[in-house]
Amino acid sequence: MIRIDDKHFETFITHDEILKEVNALGATLTQDYSGKEVVFVVVLNGAFMFASDLMKSTDLPCDITFVKVSSYEGMETTNKITESIGLSMDISGKHVVLIEDIVDTGNTVGYLKDLLEKLDPASVEICSLLFKPEAYKGSSEIKYVGFSIPDAFVVGYGLDYNGKGRNLNTIYQFKN
Ligand code: IMP
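Just so it is clear, the model here is predicted, and its values are computed rather than measured. (Residues numbered from 1 in each chain as written. Predicted model: local features only at pLDDT ≥ 70, side-chain atom pairs only at ≥ 80, totals over all residues. Heavy atoms only, no water.)

(A) Structural view of the side chain of Glu-100. The topology assignment puts Glu-100 in strand E6 (residues 95–103). Glu-100 has contacts with Val-43, Ala-47, Phe-50, Thr-108, Val-109, Cys-127, Ser-128 and Leu-129, leaving out every residue within four places of it along the chain. (Helix = DSSP H or I, 4+ residues; strand = E, 2+ residues; numbered from the N terminus. Contact = heavy atoms within 4.5 Å.)

Here is the structure:
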């Protein structure tokens with residue numbers, strides 16, 4: 001059990017379990033994108049740690065670029081997306097893998113996928129470490145998912161609560 005500010009969190013997914021799953025995702029991407037030019041578009045801030053481990057576990061000619069959006073304040077989604085760093089790379093003709101830490105309502109990936117598809121890429125797929133199927137309201141397929149989890153707030157391995165906990169190498173779930 002750990003405490004961040006006023007909240008308690010308990011161990012949910014250990015670092016070993018995370019790495020095992022990330023390596024499996026990397027192997028799947030290596031197979032699916034064999035012979036293709038891939039660009040990972042990483043959603044900051046939360047997905048930076050996942051993206052780093054995932055990229056190391058793929059064996060592909062690939063590049064990486066970042067976008068920064070946010071929709072969460074504390075433990076609540078605001079249903080409003082704020083874009084603070086836009087896409088700086090030309091993705092036309094490229095196979096894009098959009099890398100998220102977690103897909104909750106799906107507002108963020110839905111918004112980004114629409115935006116990317118207008119830029120003439122060869123394809124766009126979504127890869128998220130975590131997915132909350134009960135909270136999902138989107139229509140896009142989340143093709144690559146590490147773990148499907150219940151609709152509870154989680155922190156660690158890049159994910160934060162109030163800007164804290166991103167450095168934890170285990171994923172913790174909100175308790176009380
Ligand atoms: P969505 O737009 O509702 O799918 O939310 C996606 C974004 O909300 C993620 O990129 C995270 O930044 C944040 N988020 C959603 N659920 C959690 C959570 O359980 N812990 C930490 N951040 C979360």
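Continuing now.
(B) Just unusual backbone geometry, in detail. Cis geometry marks the peptide bond from Leu-44 to Asn-45; its omega dihedral reads -5°. With respect to the helices and strands, Asn-45 occurs in the loop between strand E3 (38–44) and helix H2 (48–56). Of note in the backbone geometry, Asp-5 takes a positive phi value of approximately 50° without being a glycine. Among the secondary structure elements, Asp-5 is positioned in the loop between strand E1 (2–4) and strand E2 (7–13). Here Asp-5 falls in the partly exposed class, since its relative accessible area comes to 35%. With phi around 50°, Tyr-157 is a residue other than glycine that occupies positive phi space. Note that Tyr-157 resides in the loop between strand E9 (154–155) and strand E10 (171–174). Of the residues examined, Tyr-157 reaches a relative accessible area of 1% and is grouped as buried. (Buried < 20%, exposed > 50% of the residue type's maximum accessible area, 1.4 Å probe, protein only.)

(C) Examining the nonpolar core more closely. Judged by nonpolar contacts, the single largest core of 27 residues is most densely connected at Phe-50, Leu-54, Ile-99, Cys-127, Leu-129, Leu-130 and Ile-171. Among the secondary structure elements, those contributing two or more residues to this core are helix H1 (15–32), E3, H2, E6, strand E7 (123–131) and strand E8 (144–148). A per-element tally of this core places H1 first, with four residues. If we skip the residues at most four places from it in the chain, Ile-99 touches Phe-40, Val-41, Val-42, Val-43, Ala-47, Phe-50, Ala-51, Leu-54 and Cys-127. Core analysis: the second largest hydrophobic core is formed by 17 residues, Val-41, Val-124, Ile-126 and Phe-131 among them. (Core = buried A, V, L, I, M, F, W, Y, C linked by side-chain atoms within 4.5 Å.)

(D) Representation of the packing of aromatic side chains in the model. Counted under the stated rule, the structure contains four aromatic pairs. For the ring pair Phe-131 and Tyr-136, a centre distance of 5.2 Å and an interplane angle of 75° mean the geometry is edge-to-face. Phe-131 sits in the buried class, given a relative accessible area of 13%. With a centroid separation of 6.1 Å and an interplanar angle of 80°, the aromatic rings of Phe-153 and Tyr-161 are classed as edge-to-face. Per residue, the accessibility class of Phe-153 equals that of Tyr-161, and both read buried. (Phe/Tyr/Trp six-rings, centres within 6.5 Å; stacked < 30°, edge-to-face > 60°.)

Read these as spatial facts, not as claims about activity.
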